[in-house]
Amino acid sequence: MQRSIWKPIVVATLVCGTLDILLAVILTIMRGKEPAAMLRFVASGPFPQATDWGTGGSLLGLVVHFTLMAIMVAVFVIAARRIPALTDNPLLWGLVYGLITYAVMNLLVVPLRFPTAWPPKPLSVGTQLFAHVVLVGWPTAFITRRYLRG
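Let us look at the structure shown here.

The rules behind the values
- Residues numbered from 1 in each chain as written.
- Predicted model: local features only at pLDDT ≥ 70, side-chain atom pairs only at ≥ 80, totals over all residues.
- Heavy atoms only, no water.
- Helix = DSSP H or I, 4+ residues; strand = E, 2+ residues; numbered from the N terminus.
- Rg over C-alpha atoms; globule rule 2.2 N^0.38 Å.
- Buried < 20%, exposed > 50% of the residue type's maximum accessible area, 1.4 Å probe, protein only.
- Contact = heavy atoms within 4.5 Å.
- Areas by Shrake-Rupley, 256 points an atom, 1.4 Å probe, with all protein chains shown as cover.
- Lys, Arg positive; Asp, Glu negative; His and termini not counted.
- Charge placed at Lys NZ, Arg CZ, Asp CG, Glu CD.

### Description of the overall build of the protein chain
Part 1: In terms of regular secondary structure, the protein chain is built from five helices and zero strands.
Part 2: Overall, the protein chain shows an N-to-C arrangement of helices and strands of α-α-α-α-α.
Part 3: Taking 150 residues into account, the globule formula puts the C-alpha radius of gyration at 15 Å, and the protein chain, at 16 Å, falls close to it.
Part 4: Over its C-alpha atoms, taken along the principal directions, the protein chain stretches across nearly 50 × 30 × 25 Å.
Part 5: Out of the 150 residues in the protein chain, the part that is buried amounts to 38%.
Part 6: Considering only intrachain contacts with a sequence separation of at least 6, the fraction spanning at least 24 residues in the protein chain is 66%.
Part 7: Of the roughly 8,700 Å² of accessible surface on the protein chain, a fraction of 72% belongs to carbon and sulfur atoms.
Part 8: A gap of 10 Å separates the mean positions of the 12 positive and 4 negative side-chain charges of the protein chain.

### Examining the environment of L99
Part 1: Residue placement: L99 occurs in helix 4 (residues 90-113).
Part 2: Residue L99 is classed as partly exposed on the basis of its relative accessible area, which comes to 40%.
Part 3: Considering only alpha carbons, one finds L99 and T127, 28 residues apart in sequence, at a separation of 13 Å.
Part 4: When near neighbours in sequence (up to four residues on either side) are disregarded, L99 contacts L129 and V133.

### Things to note about the environment of T13
Part 1: Along the chain, T13 turns up in helix 1 (residues 6-30).
Part 2: Along the backbone, T13 and Y102 are 89 residues apart, and their C-alpha atoms lie at a distance of 16 Å.
Part 3: Residues within four places of T13 in sequence aside, it is in contact with P8, T18, F66, M69, A70 and V73.

Next up, the structure:
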C-alpha cells in the first residue's frame, strides 16, 4: 500500500518554511533592517508593488515564502514516491536536493526577477547554501523518508 504524499508535504513545508524564514529574520535583524520590510520584499517577487503594501504586503510575503517552500518540498516528495531510492540515504539526497534548490532559486529565479542581485555576494552564497541544504534539503529528505517509509 502506498502512503499518502500529503502528510510529508505539509509537515516538511511547515518545518522547512519556519526554519528558513527564521534564518531570514535573524539575518535581517543582524543587518539592522526590519523583518516586515524583508517579507514585503519576498512578496514583491510575484507582486512588485507589495513593497508599498504595509502589513498586508508583509503577510503576503509569508504566504509567498510558504508557497515556494511547498513547491520545493512537493517536488522532492513526488520524486521520492516515484524513485524510492531517494529515501535510502537522506543525508546524501537532502544535500543533493538542497544544492538543486539553491541553483534553481539563486541562478535562475532570483536573477530573472531581480537582475541587480547578480552576482551574489560571498556571504549571500554561504547563507543561501546553508539554508537550502541544512534548513530545506536535509529536513525534507528526512521527513519524506519518515512518512513514505514508515
